[in-house]
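# Results of the structural survey
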Amino acid sequence: MLLKKTVLVLFSLSLPFFLISCSDAPYKQVRMMMGTLNEIEIFDLKKQVAQKAVEKGFDAMQRVDDLMSHYKESSEVSRIKNSVPLETVRVSQDTFNVLKRSEEIAQLSDGAFDVTIGPLVKRWGFYDKEQKPLPTRQEINRMRRGMGYVHLFLRPKNREVSKRIPTLEVDLGGIAKGYAIDLAVKALKQAGVVSATVNSGGNIGFIGNPVKGEAWEVGVIDPLNPSELLGVLNIKEGAVATSGNYENYHEIEGKRYSHIIDPRTGWPVQGVLSVTVIAANAMDADALSTTLFVLGPKQGLVLAEKLNAKALFVLETENGKPELVFSKGLETQFKP
Ligand code: AMP
Ligand code: MG
């Protein structure tokens, strides 16, 4: 049996998480933004008050989509892409915050996280979900020379951004949903909410505790069988995010190529099936799940610890049974 009676399934089975909670009268709304389903659920307010709070939460998320989507020509991210080398692009504080954290995580991960990866993600066919022929090594290497976070300059004083090479683009797909959740959480708290969840495509931010029980229960999907759970994580506060190889992928000649690219090779990461990260805020959880997916468990767990986050790796094995690798202590929060 997949789910217990008290389980509330958010969205569809294709999302990386099931959020499980017990509540008598939650107020819930779902909205499509940032290319995914977003859900805000409030457990402690009467419908009328909750409705207003939810609107504020979604407004904040919509703002992030408008500023940071590379699919929108009017976004700040598109303005950076369309600028010429050394031209100054002044951006909002929100976009600057996300670019700054992206730069820090790129530095801390030695470039495993790199928001200039866009052209490669596109070449591999993950923007339009269209399968393309495998690129040649020369093509990948040429593209890699046209990217790199070190070519993006950030000047905090006037929130100025400029790029050093013409081909540079910014893709915040690995971090912006987390930031949007953090802004929504802030807006909800300001509206007086004390128990709620904000879910963007399976990245979840928590406010307070569930109405019943002390911890939020989040199901971790089995990447080899995404309609099943591997188990349930108990989470007390903060945020959680998963990056999985089952979310957006192509199968070419029997091999799966998924949407997270290793900037150091230009090739989609192999061997990691999913990474779930618990962090103090959703931006870090989101960025780190993508980063750790690239780094793998050995370096990934070191980086997680450095940033006070915890991670669960699900790895491919030869016997077809996934191997689970936990940050120290996280195993006690996991029920298979
Ligand atoms: P997530 O699902 O949060 O792991 O984010 C995956 C998305 O991040 C992809 O669809 C790309 O848009 C982007 N991405 C892929 N590889 C990387 C990388 N190495 N560093 C930063 N962003 C990436
Ligand atoms: Mg991410």
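In what follows, the accompanying structure is described.

About the thresholds
Residues numbered from 1 in each chain as written. Chains lettered and ligands numbered in written order. Predicted model: local features only at pLDDT ≥ 70, side-chain atom pairs only at ≥ 80, totals over all residues. Heavy atoms only, no water. Helix = DSSP H or I, 4+ residues; strand = E, 2+ residues; numbered from the N terminus. Rg over C-alpha atoms; globule rule 2.2 N^0.38 Å. Buried < 20%, exposed > 50% of the residue type's maximum accessible area, 1.4 Å probe, protein only. Contact = heavy atoms within 4.5 Å. Near = heavy atom within 4 Å. Polar contact = N/O pair within 3.5 Å; in protein donor to acceptor, adjacent residues only side chain to side chain. Areas by Shrake-Rupley, 256 points an atom, 1.4 Å probe, with all protein chains shown as cover. Nonpolar A, V, L, I, M, F, W, Y, C, P; charged D, E, K, R; others polar.

### Looking at the overall build of the chain
Scanning the chain from terminus to terminus reveals 7 helices and 19 strands. Whereas a compact globule of 336 residues would reach a radius of gyration of roughly 20 Å, the chain reaches 19 Å, a difference of no more than 12%. With respect to the three principal axes, the spread of C-alpha positions in the chain is 55 × 50 × 35 Å. A total of 336 residues make up the chain; the buried ones form 57% of that total. Partitioning the intrachain contacts of the chain with sequence separation of at least 6 by distance along the chain shows that 62% fall at a separation of at least 24.

### Notes on unusual backbone geometry
What you tend to see is this: most non-glycine residues have negative phi, and most peptide bonds are trans. The backbone of Glu-253 shows a phi angle near 45°, a positive value even though the residue is not glycine. Among the secondary structure elements, Glu-253 is positioned in the loop between strand 12 (249-252) and strand 13 (255-258).

### Here we look at the site of ligand 1
Inspection of the region around ligand 1 gives 16 residues, with Asp-171, Ser-243, Ile-261, Asp-286 and Thr-290 positioned closest. A distance of 3.5 Å separates an oxygen atom of ligand 1 from a polar atom in the backbone of Gly-173. Contacts to ligand 1 include His-259, whose side-chain N or O atom sits 3.4 Å from an oxygen atom. Its free accessible area being 500 Å², ligand 1 has 92% of it covered by the protein chains. For the shell around ligand 1, the leading source of residues is helix 7 (residues 282-306), giving 3 residues. Of the residues assigned to the shell around ligand 1, the class counts are 7 nonpolar, 5 polar and 4 charged.

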